[in-house]
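A structural walkthrough
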Amino acid sequence: MSEKKFTPDENLKKLGKQVRQLRKGRKWSQQKLSDVSGLAVRTISRIERGVMNPSFEVLATLVDVLGISFDFLFTSPDEQDTDLQEMIGLYRACPEQGRRLILASTRAMAHELIEQPSTMP
């Protein structure tokens, strides 16, 4: 099975579509995303139309304000794990102390489940 190769233009359009879907999924206008991210509305529009190749800093800003993982921007909808993305968003929304608590709790639960997998329904 060979993987489909994308041209740069196709990759930018795919990225733009993903950003648009994420923004609309939050019921945000381009102006709201601009206000939250500090990016210009024109920049957001150009990214969403696939006509701008955003810098790493711009992508990192979008990842942060949208509360997603970096790879989520480049994952097709049928490959996305929305539960995991929800967890990432919740984690990112917490202050540092809350993040440490979430991580410690998650580690403890995961170790328990890994050691005794037959106890779960």
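1. A closer look at the overall build of the chain
Counting its secondary structure elements, the chain contains 6 helices and 0 strands. Put simply, the chain runs from its N terminus to its C terminus through helices and strands in the order α-α-α-α-α-α. Within the span of the chain, comprising 121 residues, buried residues form 30% of the whole. For the chain, contacts bridging at least 24 residues in sequence account for 49% of all contacts bridging at least 6.

2. Examining the side chain of Ser 69
Position of Ser 69 among the secondary structure elements: in the loop between helix H4 (56-66) and helix H5 (82-93). Excluding anything up to four places from it in sequence, Ser 69 contacts Val 63, Gln 85, Ile 88 and Arg 92.

3. Here we look at the pattern of salt bridges
Per the stated rule, a full pass over the model turns up 3 salt bridges. Between Glu 48 and Arg 20 there is a salt bridge, with the nearest N and O atoms lying 3.9 Å from each other. Of the two residues, Glu 48 sits in helix H3 (residues 41-48) while Arg 20 sits in helix H1 (residues 8-25), which places them 28 residues apart along the sequence. Note on Arg 20: relative accessible area 27%, which makes it partly exposed. A salt bridge links Arg 100 to Glu 96, with the shortest nitrogen-to-oxygen separation between them at 3.9 Å.

4. Topic: unusual backbone geometry
Residue Lys 27 is not a glycine yet carries a positive backbone phi of 60°. Examined against the element boundaries, Lys 27 turns out to sit in the loop between H1 and helix H2 (30-37). Given a relative accessible area of 74%, Lys 27 falls into the exposed group.

5. Structural notes on the nonpolar core
Of all hydrophobic cores here, the largest spans 18 residues; its most connected members are Leu 33, Leu 62, Leu 66, Ile 68 and Leu 73. Listing elements by their share of this core, those giving two or more residues are H1, H3 and H4. If you tally residues by element for this core, the top one is H4, at 6 residues. With residues up to four places along the chain from it excluded, the contact list for Leu 62 reads Val 19, Leu 33, Leu 39 and Ile 47.

6. Description of the layout of surface pockets
It is a probe the size of a water molecule, rolled over the atoms, that shows where empty space is left. By volume, the largest pocket is sized at about 180 Å³. Forming the walls of the largest pocket are Leu 84, Met 87, Ile 88, Leu 90, Tyr 91, Ile 102, Leu 103 and Thr 106. Counting residues per element, the lining of the largest pocket draws most heavily on H5, which supplies 5 residues. Residues of the lining of the largest pocket, tallied by class, amount to 7 nonpolar, 1 polar and no charged.

Cut-offs applied
- Positions within a chain are numbered from 1, following the residues in the order the chain's sequence is written.
- For this predicted model, a pLDDT threshold of at least 70 governs which residues receive local features, and a threshold of 80 or more governs which side-chain atom pairs are given and counted, while totals over whole chains, interfaces and linings are taken from all residues.
- Water and hydrogen atoms were dropped before computing side-chain values, which therefore reflect all heavy atoms in the structure.
- Secondary structure elements follow DSSP: runs of H or I of four or more residues count as helices, runs of E of two or more count as strands, with numbering from the N terminus.
- Buried means the residue's accessible area, taken with a 1.4 Å probe over protein chains only, is under 20% of the maximum for its type, while exposed means over 50%, and partly exposed covers the values in between.
- Contact criterion: two residues are considered in contact whenever any of their non-hydrogen atoms come within 4.5 Å of each other.
- In the sections that follow, a salt bridge refers to a side-chain nitrogen of Lys or Arg positioned within 4 Å of a carboxyl oxygen of Asp or Glu.
- Among the buried residues, those of types Ala, Val, Leu, Ile, Met, Phe, Trp, Tyr and Cys that are joined through side-chain atoms within 4.5 Å form a nonpolar core.
- The definitions used throughout rest on a 1 Å grid laid over the protein atoms alone, on which a cavity is an enclosed set of points accommodating a 1.4 Å probe that cannot get out and a pocket is an open set flanked by protein within 12 Å on both sides along at least five of seven lines; lining residues are those having an atom within 4 Å of a point.
- Grid points are joined across faces, edges and corners, and a volume is the space filled by probe spheres set on the points.
- Polar here means any residue outside two lists: the nonpolar Ala, Val, Leu, Ile, Met, Phe, Trp, Tyr, Cys and Pro, and the charged Asp, Glu, Lys and Arg; Gly therefore counts as polar.

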